[in-house]
Amino acid sequence: MLNPDPNTIQLTQDDYERYSRHLILPEVGVEGQKRLKAASVLCIGTGGLGAPLLLYLAAAGVGRIGIVDFDVVDTSNLQRQIIHGTSTVGKPKIESAKARILEINPYCQIDLYNTHLSSANALEIMAPYDIIVDGTDNFPTRYLVNDACVLLNKPNVYGSIFRFEGQATVFNYEGGPNYRDLYPEPPPPGLVPSCAEGGVLGILPGIIGVIQATETVKIILGQGNTLSGRLLLYDALKMTFRELKLRPNPVRPVIEKLIDYQMFCGIPQQKENEMEAQKAIAEINVNELKEIIDAGASDYLIIDVRNPNEWEIGRIPNTVLIPLPEIENGNGVDKVKSLLDGKKLIAHCKMGGRSMKALGILKQAGIDGINVQGGINAWSEQIDPAIPKY
Ligand SMILES: Nc1ncnc2c1ncn2[C@@H]1O[C@H](COP(=O)(O)OP(=O)(O)OP(=O)(O)O)[C@@H](O)[C@H]1O
């Protein structure tokens, strides 16, 4: 439980009306509502997880909320980032979030940090807050948030999502485990796909974000049992909740300072390797691809390495679907070999990244190919607007 002196906090007449359903709960009451009003919470990321949890924290009467994000609202965010709206597409997410929060609760103090949380600014940004909520989507930031919480001795309310599954827990609370006890080492770069690559059910972050909000409110009130020491695993397709026990690792290394988390997660090495591979792979733009297709493309094998679901959204004529995972597991490499028959290979995907990766794998198998810059989205913009850009 946080420990403000509730006697120094006053509830206003509006507070009594606004929070009446809280005030009649013995577990909240006037004292609990004062604790909520005195509390400060920093939410890192106002995307899928941050959106619902910020709405509920503000509605519950948390007195001060900080929001960190550097991104702007994109139309593809609206399927799940319900704090934002069509009218705020193109605007900074933190501004969009603040406007919506104040609509729900104009008495909440909102602090905005339009920045990338990094080792250089994390301690300063996080220090003034009682609780940190991690709503981000990448490993370097998760390790950064974890280590900064350990150094500052603050609870870290964690959530993560992918496709139909999510996880939530509370780290670094009352001597409990932290993120490094769950994941001592980051996964090899590129192994775990992001939601932008693998997709996510729009409702899923709502469920996990609301669990994070619930844990935050319980810590403030000092009520119930938190998820500290328990990792909650949710599967939306099976509609199951499972729990794993988490314990502090007795021999975990002591965190003494923040480090370079991009480096720790192997991302510069990955970028270097990708750049090396890219240097060796030729590229064409979509206009050049159109000329080849218009001329019959008889000397070419053009592969699309997106997922079958993306293929359903739209496809470039004369292309063969061989999804990247098939190329990664080797079957797709055999398929390319069998179809190639002396032809030149061209590969495309949605934006050009996955096809570059596929061509790198094929190159190692002795097959040279040409990448299409900008992928089918560039084709949709420049050649055929009838194909949906997504
Ligand atoms: N280091 C960081 N500092 C500040 N904000 C961060 C940091 N890392 C991630 N974020 C923010 O966390 C949010 C994560 O949410 P989410 O993955 O749902 O959104 P997204 O990046 O818009 O999604 P997508 O990648 O599918 O387009 C994003 O808004 C992102 O900008």
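Residues numbered from 1 in each chain as written. Predicted model: local features only at pLDDT ≥ 70, side-chain atom pairs only at ≥ 80, totals over all residues. Heavy atoms only, no water.

### A closer look at the site of the ligand
Here's step 1: For the ligand, the set of nearby residues contains 20 residues, the closest of which are G48, D69, K93, L117 and D137.
Here's step 2: Q81 is positioned such that a nitrogen or oxygen atom in its side chain is 3.1 Å from an oxygen atom of the ligand.
Here's step 3: Between a nitrogen atom of the ligand and a main-chain N or O atom of L117, the distance comes to 2.8 Å.
Here's step 4: Isolated, the ligand exposes 630 Å² of accessible area, and the fraction of that covered by the protein chains is 87%.
Here's step 5: Looking at the shell around the ligand, its residues break down into 4 nonpolar, 11 polar and 5 charged. (Near = heavy atom within 4 Å. Polar contact = N/O pair within 3.5 Å; in protein donor to acceptor, adjacent residues only side chain to side chain. Areas by Shrake-Rupley, 256 points an atom, 1.4 Å probe, with all protein chains shown as cover. Nonpolar A, V, L, I, M, F, W, Y, C, P; charged D, E, K, R; others polar.)

### Some details on unusual backbone geometry
Here's step 1: Even without a glycine there, the phi angle at N153 is positive, about 55°.
Here's step 2: Inspection of the secondary structure puts N153 in the loop between α7 (139–152) and β5 (156–162).
Here's step 3: Phi at R163 takes a positive value of approximately 55°, unusual for a residue other than glycine.
Here's step 4: Assignment of secondary structure puts R163 in the loop between β5 and β6 (165–171). (Helix = DSSP H or I, 4+ residues; strand = E, 2+ residues; numbered from the N terminus.)

### Observations concerning the sheet that holds β6
Here's step 1: If you walk across this open sheet you meet the 8 strands as β3-β2-β1-β4-β5-β6-β7-β8, and the pairing is mixed. Each edge of the open sheet carries a strand with a single partner, namely β3 (109–113) and β8 (240–245). Neighbour-to-neighbour, the strand axes of the sheet open up by a mean angle of 15°, direction not taken into account.
Here's step 2: Note that strand β1 (residues 40–44) and strand β4 (residues 131–134) share 4 bridges and pair parallel. Of the residues in β4, the one forming a bridge with L42 is I132. (Pairing = 2+ DSSP bridges. Axes fitted to C-alpha atoms, helices over the stretch in contact; angles between N-to-C directions.)

### A look at the packing of helix α13 (residues 286–294) against helix α18 (residues 375–382)
Here's step 1: In contact at an axis separation of 9 Å, α13 and α18 are set at 80° when each is read in the N-to-C sense. One element, α13, and the other, α18, form an angle in the roughly perpendicular class. Taking contact as the criterion, the partners of V286, N287, L289, K290 and I293 in α13 are, on α18, G375, A378, W379 and Q382.
Here's step 2: In terms of residue class, the contact of α13 with α18 is made up of 5 nonpolar, 3 polar and 1 charged. (Parallel < 35°, antiparallel > 145°, perpendicular 65-115°, else oblique. Contact = heavy atoms within 4.5 Å.)

### Focus on the packing of aromatic side chains
Here's step 1: Scanning the entire structure with this criterion turns up 8 aromatic pairs.
Here's step 2: With 4.9 Å between their ring centres and 70° between their planes, Y143 and Y179 make a pair best called edge-to-face. You can see Y143 sitting in helix α7 and its partner Y179 sitting in helix α8 (residues 179–182), a full 36 residues away along the chain.
Here's step 3: Assessed through its relative accessible area of 0%, Y143 is described here as buried.
Here's step 4: Y179 gets classed as buried once you look at its relative accessible area, which sits at 1%.
Here's step 5: Centroid distance Y179 to Y183: 5.4 Å. Interplanar angle 65°. Geometry classified as edge-to-face.
Here's step 6: Given a relative accessible area of 27%, Y183 falls into the partly exposed group.
Here's step 7: These aromatic residues form a ring-pair network of at least three members: Y143, Y158, F171, Y179, Y183 and F264.
Here's step 8: A cation over a ring is seen here: R142 above F139, with NZ or CZ 5.4 Å from the ring centre. (Phe/Tyr/Trp six-rings, centres within 6.5 Å; stacked < 30°, edge-to-face > 60°. Buried < 20%, exposed > 50% of the residue type's maximum accessible area, 1.4 Å probe, protein only. Lys NZ or Arg CZ within 6 Å of the ring centre and 35° of its normal.)

### A word on the state of the cysteines
Here's step 1: Summed over the entire model, instances satisfying the criterion amount to 0 disulfides.
Here's step 2: In this structure C108 is a free cysteine whose sulfur lies 12 Å from that of C43, the closest cysteine sulfur available.
Here's step 3: Among the residues examined, C108 registers a relative accessible area of 6% and is labelled buried.
Here's step 4: Considering cysteine sulfurs only, C43 is the nearest to C149, which forms no disulfide, with 12 Å between them.
Here's step 5: Assessed through its relative accessible area of 0%, C149 is described here as buried. (Disulfide = S-S within 2.5 Å.)

### Some points on the pattern of salt bridges
Here's step 1: Under the criterion given, the structure shown has 17 salt bridges.
Here's step 2: E243 is paired through a salt bridge with R230; the nearest N and O atoms lie 2.9 Å apart. In this pair, E243 is assigned in strand β8 and R230 in strand β7 (residues 230–235), connecting sequence segments 13 residues apart.
Here's step 3: With a relative accessible area of 44%, E243 lands in the partly exposed category.
Here's step 4: What makes R230 partly exposed here is its relative accessible area of 24%.
Here's step 5: The residue D235 makes a salt bridge to K238 at a minimum N-O spacing of 3.8 Å.
Here's step 6: Of the residues examined, D235 reaches a relative accessible area of 12% and is grouped as buried.
Here's step 7: Residue K238 is classed as exposed on the basis of its relative accessible area of 63%. (Salt bridge = Lys/Arg side-chain N within 4 Å of Asp/Glu carboxyl O.)

### Concerning the pairing of β1
Here's step 1: Burial analysis of β1 places 5 of its 5 residues in the buried class, which makes it a mostly covered element.
Here's step 2: Alternating residues of β1 divide into S40, L42 and I44 and V41 and C43, and every residue in both groups is buried.
Here's step 3: Direction of pairing for β1 relative to strand β2 (residues 64–68): parallel, over a ladder of 5 bridges. Bridge pairing links S40 to R64 in β2.
Here's step 4: One crossover worth recording links β1 to the parallel β2 by way of helix α4 (residues 50–60), and it is right-handed. (Right-handed = clockwise from strand over helix to strand, strands pointing away.)

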